[in-house]
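If you want the building blocks of each chain, they are given just below.
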Amino acid sequence: MAAACAEMEPAAAPPSPSPAPAAAPGSGELVCAQGRNLKAVLCQRCGSRVLLPGAATFARRELLLPAMRKKAAAAAGGGGGSGGDVVREHWLVRDMFSFENVGFTRDVGNVKFLVCADCEAGPIGWHCLDDKESFYVALERVAHE
């Protein structure tokens, strides 16, 4: 019943220590020369600030996230099923205290999904409980300012 992290991430290569700042088309204006976020990261629904500029590093990693919904529904729905999206571009945060405003779902196997702490929209990201220093925020699930 409990899904392992490897099962949740189809092409899971460990994040490289120095992610390529040259991101995909459209994300170039979001990543500085050092690979960090140039702009603040915001909730798409309510505009709440999730990360300050410079708080995260661009990373490519293929992860499966459930479809966007409220926190209670995301936790109940689990990570499997057909209602998910494979996302490949993320902000990688190494310290959970770097977040300005983020919430976590209950454990789904050994994964917690990241949601907006104000409106509970999500999941906007993913955290495997096996790795205490890796929090992924999907670029396509957040806004930037």
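Residues numbered from 1 in each chain as written. Predicted model: local features only at pLDDT ≥ 70, side-chain atom pairs only at ≥ 80, totals over all residues. Heavy atoms only, no water.

The protein chain goes by Guanine nucleotide exchange factor MSS4 in an unreviewed UniProt entry, where it is assigned to Apteryx mantelli.

Caption draft 1: Just the confidence of the model for the protein chain, in detail. Averaged over every residue, the pLDDT of the protein chain is 81; residues scoring 70 or more account for 72%. Segment residues 6-25: pLDDT under 50, and 35 contacts once partners within four positions in sequence are set aside and those in other chains are kept. (pLDDT = per-residue confidence, 0-100. Contact = heavy atoms within 4.5 Å.)

Caption draft 2: Structural detail: the sheet that holds strand E9 (residues 125-128). Pairing is antiparallel in the open sheet, where six strands are placed in the order E3-E5-E10-E9-E7-E6. One side of each edge strand has no neighbouring strand; the edge strands of this open sheet are strand E3 (57-66) and strand E6 (103-104). (Pairing = 2+ DSSP bridges. Helix = DSSP H or I, 4+ residues; strand = E, 2+ residues; numbered from the N terminus.)

Caption draft 3: Broad picture of the pattern of salt bridges. Counted according to the given criterion, the structure contains five salt bridges. We note a salt bridge from arginine 60 to glutamate 89, for which the minimum N-O separation is 3.5 Å. Note that arginine 60 is positioned in strand E3 and glutamate 89 in strand E5 (residues 84-93), a separation of 29 residues in sequence. The exposure class of arginine 60 is partly exposed, given its relative accessible area of 49%. For glutamate 62, the salt bridge identified is with arginine 88, shortest N-O distance 3.0 Å. One end of the pair, glutamate 62, is in strand E3; the other, arginine 88, is in strand E5, and 26 residues separate them in sequence. (Salt bridge = Lys/Arg side-chain N within 4 Å of Asp/Glu carboxyl O. Buried < 20%, exposed > 50% of the residue type's maximum accessible area, 1.4 Å probe, protein only.)

Caption draft 4: Seen up close, unusual backbone geometry. Going from glycine 122 to proline 123, the amide bond is cis rather than trans, its omega being 5°. Checked against the element boundaries, proline 123 lands in the loop between strand E8 (121-122) and E9. Even without glycine at this site, glutamate 120 takes up a positive phi of about 65°. Inspection of the secondary structure puts glutamate 120 in the loop between strand E7 (111-115) and E8. Look at glutamate 120 and you get partly exposed, because its relative accessible area is 33%.

Caption draft 5: How the structure looks around the sheet that holds strand E11 (residues 142-144). In space, the three strands of this open sheet follow the order E2-E1-E11, with antiparallel pairing throughout. Every other strand in the sheet has two partners, leaving strand E2 (49-51) and E11 as the edge strands with one partner each. For this sheet, the mean angle separating the axes of adjacent strands, direction not counted, is 45°. As defined by bridge partners, strand E1 (residues 41-43) adjoins E11 across three bridges and the pair is classed as antiparallel. Of the residues in E11, the one forming a bridge with valine 41 is histidine 144. (Axes fitted to C-alpha atoms, helices over the stretch in contact; angles between N-to-C directions.)

Caption draft 6: Highlighting the nonpolar core. Val41, Leu51, Trp91, Phe99, Leu114 and Val137 are the most contacted members of the largest nonpolar core, which totals 18 residues. When residues of this core are traced back to their parent elements, those giving at least two are E2, E5 and strand E10 (135-138). Non-local contacts of valine 137, meaning those with residues more than four positions away in its chain, are made with Val41, Leu51, Glu89, His90, Trp91, Phe99, Leu114, Ile124, Gly125 and Val142. Counting twelve residues, the second-largest nonpolar core is a separate cluster that includes Ala59, Val87, Phe113 and Tyr136. (Core = buried A, V, L, I, M, F, W, Y, C linked by side-chain atoms within 4.5 Å.)

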